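Spelled out from the first residue to the last, the chains are:
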Amino acid sequence: RRHTRCSRDWSSDVCSSDLGDCDLMKDILRTTDPVLLTFAESMLAAEGIAAAVFDQHVSVVEGSIAAIPRRLMVADEDEARARAIIAAAMEGRLS
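Position numbers for residues count from 1 along each chain, tracking the sequence in the order it is written. In keeping with the model being predicted, local features are shown solely for residues with a pLDDT of at least 70 and side-chain atom pairs are shown and tallied solely at 80 or more, while totals for entire chains, interfaces and linings include all residues. As a rule here, side-chain values cover all heavy atoms of the structure and leave hydrogens and water aside.

Trainee: Describe the pairing of strand 4 (residues 70–75), naming the residues involved and giving the relevant values.
Mentor: Buried means the residue's accessible area, taken with a 1.4 Å probe over protein chains only, is under 20% of the maximum for its type, while exposed means over 50%, and partly exposed covers the values in between. Counting from the N terminus, the helices are DSSP H or I runs at least four residues long and the strands are E runs at least two residues long. Among the six residues in strand 4, six count as buried, and that is most of the element. Direction of pairing for strand 2 (residues 24–31) relative to strand 4: antiparallel, over a ladder of six bridges. Across the sheet, Met-25 pairs through a bridge with Ala-75, a residue of strand 4. Strand pairing requires that DSSP identify at least two bridges connecting the strands. As paired elements, strand 3 (residues 51–54) and strand 4 share four bridges and run antiparallel to each other. Residue pairing for strand 4: Val-53 is matched across the bridge by Leu-72.

Trainee: Describe the pattern of salt bridges, listing the residues and the values that go with them.
Mentor: A side-chain nitrogen of Lys or Arg and a carboxyl oxygen of Asp or Glu constitute a salt bridge if their distance falls within 4 Å. Scanning the model with the defined rule gives five salt bridges in all. Ionic pairing is found between Asp-76 and Lys-26, a salt bridge with its closest N-O pair at 2.8 Å. Here Asp-76 is found in the loop between strand 4 and helix 3 (79–94), whereas its partner Lys-26 is found in strand 2, with 50 residues between them in sequence. Residue classification places Asp-76 among the partly exposed positions, given a relative accessible area of 32%. For Lys-26, a relative accessible area of 11% puts it in the buried group. Glu-79 is paired through a salt bridge with Arg-83; the nearest N and O atoms lie 3.0 Å apart. Note that Glu-79 and Arg-83 are positioned in helix 3 at a spacing of four residues, about one turn of the helix. According to the relative accessible area criterion, Glu-79 is buried, its value standing at 8%. Here the salt bridges do not stand alone but share partners, grouping Lys-26, Asp-76, Glu-79 and Arg-83 into one network.

Trainee: Hey, could you go over the nonpolar core for me, with residue numbers and the actual values?
Mentor: Take the buried residues of types Ala, Val, Leu, Ile, Met, Phe, Trp, Tyr and Cys, join any two whose side-chain atoms come within 4.5 Å, and each joined set is a nonpolar core. Within the largest apolar cluster, 15 residues are counted, with the highest numbers of intra-cluster contacts made by Ile-28, Leu-44, Leu-72, Val-74 and Ile-86. Breaking this core down by element, the ones donating at least two residues are strand 2, helix 1 (34–46), strand 3, strand 4 and helix 3. When near neighbours in sequence (up to four residues on either side) are disregarded, Val-74 contacts Leu-24, Met-25, Lys-26, Ile-28, Leu-44, Ile-49, Ala-50, Ala-51, Glu-79 and Ala-82. Here a residue-residue contact requires only that any non-hydrogen atoms of the pair lie within 4.5 Å.

Trainee: Quick rundown of the environment of Ile-86? Include the residues and the values.
Mentor: Within the fold, Ile-86 resides in helix 3. Leaving out residues up to four positions away in the same chain, Ile-86 has contacts with Ile-28, Ala-40, Leu-44 and Leu-72.

Trainee: Residues and numbers for helix 1, please.
Mentor: Under the 1.5 Å per step criterion, the end-to-end length of helix 1 is 18 Å for 13 residues, consistent within 8% with the ideal 18 Å. Among the residues making up helix 1, those that are buried are Leu-36, Leu-37, Ala-40 and Leu-44. Angularly, the buried residues of helix 1 cover 100° about the axis, an arc narrow enough to put them on a single face. Exposed residues lying more than 90 degrees from the buried face of helix 1 are Val-35, Ala-45 and Ala-46. Between a side-chain oxygen at the N-terminus of helix 1 and the backbone nitrogen of Val-35 the separation is 2.9 Å; the capping residue is Asp-33. Helices are assigned an expected span. That span is 1.5 Å times one less than the residue count. In this description, one arc is meant: the one made by directions from the helix axis to the C-beta atoms. Two N or O atoms count as a polar contact when they lie within 3.5 Å, although within protein this holds only if one can serve as hydrogen donor and the other as acceptor, and sequence-adjacent residues are included solely when both atoms are side-chain atoms.

Here you go:
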């Protein structure tokens, strides 16, 4: 599992201050599917969990070949809850 340190100037639609006092973030989803990424991000937001999309600009630069997945990141302390929310949402989505 990868850990990514929070910084103040990472590129995302989420302000780093929304993520609280986090020293570590964890990727809970890697995908090249922008619809799935948006779905997961909105499910977390509905439950009050701030999330950030990493590698978004890199994946845009590579074009539409889907070689570089985007990562959905949450604060370390939100990881277990975020994974449970996404798993439950995916079960409902696929049924």
